[in-house]
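Chains, contacts and geometry: an overview
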Amino acid sequence: MIKIDNLHKKYGKNKILTGVDLEIPEKGIFAILGPNGSGKTTMIKSILGMVVPEKGDIFIDGQKTHSNGLYRKNIDYLPQIANFPGNLGVKELIKMIKDLRDTKADENALIQRFGLTPFLDKKLSNLSGGTKQKVNLVLTFMFDSQIIILDEPTTGLDPVALLNLKELIAEEKAKGKTILVTSHIMSFVEGIADEIVFLLEGKIYFKGSIQQLREKTNEVDLEHAIANILKENNA
Amino acid sequence: MLKILKYSFYDLIRSRWSYVYLLFYLILGFVLLFLNNDLSKAVITLMNVIIILVPLIGTIFGVMYYYNSKEFTELLLAQPIKRSSIFIGQYLGVALSLVMSLVIGLGLPFVLYGLFESSAIWDFSLLLITGAMLTMIFTALAFNIALYNENKIKGFSYAILLWLFLAVIYDGLFLLSLIIFETYPLDKFTLIATVFNPIDLSRILILLKLDISALLGYTGAIFNQFFGTSIGLFSALGMLLLWIILPVWNIKRKAQKKDF
Ligand SMILES: Nc1ncnc2c1ncn2[C@@H]1O[C@H](COP(=O)(O)OP(=O)(O)OP(=O)(O)O)[C@@H](O)[C@H]1O
Ligand SMILES: [Mg+2]
C-alpha cells in the first residue's frame, strides 16, 4: 500500500503539487489522470524519491520512504520517456540493469512476447520509438516486485503490443500487485482501472471508481466526463 | 557504488577519447625524453605541461561525461541505489580512467628509458601523484559545475572559465597585486593566495621536491621559508587532498537535493 500525505512540490516558483493526500490500495489498478503538466509524473517521481518534495511524506506499507532510495527494490517503474544510454545494446542494457538490481529477473518470456529478439544486439540509439518503449516495458516487468508504477505505458505502441501490454497488466493484477498507471488514452484506462484519481491544479479533484465519475459528471463515457470537468473549471 | 564505478569506467575505456588522451601522453613522454636526453630535465618540462594540461583535460572530460551520461544517470536513479553511490561512482569512473591514462601514458616511456635505475624516480613519482591529484580535483570541480547547470553549454563555458582562471589569470592577478601592494608585508597574503589555487599548490609541491630554488619563485620561497622543505611538502599535499575532498563532498550534498 502507498500512502501520500500532504505532498507539496514546486520547481522554482512554479507550484505543481499543493497538498496531495492519497491512499493507494494494496491490490488492483489505480489510474492517475489529469491534463498535461498537472503533475502526474511529478507525483510518481516523488513516490520514487527521484524528485525531492518541499513538504509531505510518503509511506510504503506503513514505512516512511528513506532518502537513500533502497526501498525502490520493491518497485518496478516504467518512466514516461525512455531515455537509454545510446551506445549500449539492448541485451547489454538488460544485463546491466539485472546486475545493478541484483534480484531475480525473467526477461526471456517478455522479449518473446514483444518480439524483441531481432533487436537484442542493436544499439539503443538505433531503435524506433515504439521498440524503445517495448524495451522499457521489458526492463520494468522482468522483475517481480509488489508495486508496479507505469507512466504512460502505451506511448508509441502498435495495436498488437498494446494488447500484449493489457494482458500483461491483467496478469500482474491477478498476482495481487499494486499497480499505479497514468495514461491519456481513456479507452485504455476504462479497460483496466479499478479506481481513478483526477489531478487538477495541484490537488486531487476527484477520487473514486469510473462509475462514480460518470455519475458525478452525468456523462456516459470517460473522455466526455473528463472534458466536462476541465470545461467546468475553466468557466 | 563499485558497480557504478565499473560501468562508468568501462564505458570510458571503450570510448575513443581515452585512447587519444593515452596516446597524447605516450607521444609527449617519448618526445620529451628524445629532446632532453636526460631524465631529470624531462621531468621539469613535464611538470609545466602537466600542471596546465591535466586540469584542462580533467575539466573537459568531467563536464562532458556528466552531460553525456544523463540517460544512464536517469536509469540509475530509478533503481534501488543511493544517490551518493551513483554520482560518486560516476565521478570515480571518470577520474580513475583519466589517472590511468596519465600513469600509463607517461610511465611507459620513462620506464623504457630506464627510470628505475635513475635517481629521478622519486621526482617522477611525485609528478605522477600530483598529476593524479589534479585530475581528481578538476574532475570533481567539473562535476560540481555540471550539477549546478542544467544547460550544457553554460556548464561547459563555466568549466573552461574556471580552468582559464586558475591556470592563467590567477597568476597574473597575483603578480599585479604584488606590484600594487609592494610596500605591505605580503607573506601571509601570498600563502593564502597559493592555497586557494590547486595549480599553484601543485607547482610549489613539485618544485620543493626538486629543490630548485631558482624556479621556486616568490611564492615558493615564502612557502619554503614558512614551512621548511619537508613540512612544506606535506602541507601542500594535505591541501591538495582537501581540494579533492571538499568538491567531492559537495557533489554528494548537491546530488541529494536535486530533482530528476
Ligand atoms: N525537472 C523539472 N524542472 C522544472 N520544471 C519541471 C520539471 N519537471 C517537470 N516540470 C514542470 O512541472 C509541471 C508538471 O510536470 P509533470 O511532468 O509532472 O506533468 P504530467 O502531469 O506528467 O504531464 P504529462 O501529461 O504531459 O505527462 C510541468 O509544468 C513541467 O513543466
Ligand atoms: Mg507525465
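It should be emphasised that the depicted structure is a prediction, and the values quoted were computed from it without experimental measurement. (Residues numbered from 1 in each chain as written. Chains lettered and ligands numbered in written order. Predicted model: local features only at pLDDT ≥ 70, side-chain atom pairs only at ≥ 80, totals over all residues. Heavy atoms only, no water.)

**Considering the site of ligand 1**
All names here are of chain A. In the neighbourhood of ligand 1, the contacting residues comprise Tyr11, Ile16, Pro35, Asn36, Gly37, Ser38, Gly39, Lys40, Thr41, Thr42, Gln80 and His184. Between ligand 1 and Thr42, the relevant distance is 2.5 Å, taken from an oxygen atom to a side-chain nitrogen or oxygen of the residue. His184 is positioned with one of its side-chain polar atoms (N or O) 2.7 Å from an oxygen atom of ligand 1. Isolated, ligand 1 exposes 640 Å² of accessible area, and the fraction of that covered by the protein chains is 63%. In terms of residue count, helix H1 (residues 40–48) provides more of the shell around ligand 1 than any other element does, three residues in total. Of the residues assigned to the shell around ligand 1, the class counts are three nonpolar, eight polar and one charged. (Near = heavy atom within 4 Å. Polar contact = N/O pair within 3.5 Å; in protein donor to acceptor, adjacent residues only side chain to side chain. Areas by Shrake-Rupley, 256 points an atom, 1.4 Å probe, with all protein chains shown as cover. Helix = DSSP H or I, 4+ residues; strand = E, 2+ residues; numbered from the N terminus. Nonpolar A, V, L, I, M, F, W, Y, C, P; charged D, E, K, R; others polar.)

**Some thoughts on the side chain of Asn197 of chain B**
All names here are of chain B. As for its position among the elements, Asn197 is in the loop between helix H8 (187–195) and helix H9 (198–210). One polar contact links the side chain of Asn197 to the main-chain amide nitrogen of Ile199, over a distance of 2.9 Å. Contact partners of Asn197, with chain neighbours within four places excluded, come to Leu166, Tyr170 and Trp243. (Contact = heavy atoms within 4.5 Å.)

**Thoughts on the pairing of strand E4 (residues 55–60) of chain A**
Residues and elements named next belong to chain A. Bridge count between strand E1 (residues 2–11) and E4: five bridges; the pairing is antiparallel. Bridge pairing in E4 places His8 opposite Lys55. One ladder, built from two bridges, connects E4 with strand E5 (residues 63–64); its direction is antiparallel. Considered in E5, the bridge of Ile60 is made with Gln63. (Pairing = 2+ DSSP bridges.)

**So, the UniProt feature "transmembrane region" (unreviewed entry) in chain B**
Residue and element names in this part refer to chain B. Those residues carrying the UniProt feature "transmembrane region" (unreviewed entry) are residues 20–36, 42–67, 88–112, 124–148, 160–181 and 226–249 in this numbering. Helix makes up 100% of residues 88–112 and strand 0%, whereas the separation of the span's terminal C-alpha atoms amounts to 35 Å. The span residues 124–148 carries 100% helix and 0% strand; its end-to-end C-alpha distance comes to 36 Å. (UniProt positions renumbered as here; feature names shortened; annotations may be inferred.)

**Regarding the pattern of salt bridges**
Under the defined criterion, the tally for this structure stands at 22 salt bridges over all chains. The salt bridge partner of Lys6 of chain B is Asp99 of chain A, with a shortest N-O separation of 3.5 Å. Residue Lys6 of chain B is located in helix H1 (residues 2–13), and its partner Asp99 of chain A is located in helix H2 (residues 90–101); the two belong to separate chains. Lys177 of chain A is the partner of Asp144 of chain A in a salt bridge, and the nearest nitrogen-oxygen pair spans 2.4 Å. (Salt bridge = Lys/Arg side-chain N within 4 Å of Asp/Glu carboxyl O.)

**Section: the sheet that holds E1 of chain A**
Strand pairing in a sheet relies on backbone hydrogen bonds. The paired strands run either parallel or antiparallel. Residue and element names in this part refer to chain A. Read across the sheet, four strands follow the order E2-E1-E4-E5 without closing on themselves; strand pairing throughout is antiparallel. Two strands close off the open sheet at either side, each with one partner strand: strand E2 (14–24) and E5. H1 rests against E1, E2 and E4 of the sheet, and its axis sits at about 120 degrees to E1. (Axes fitted to C-alpha atoms, helices over the stretch in contact; angles between N-to-C directions.)

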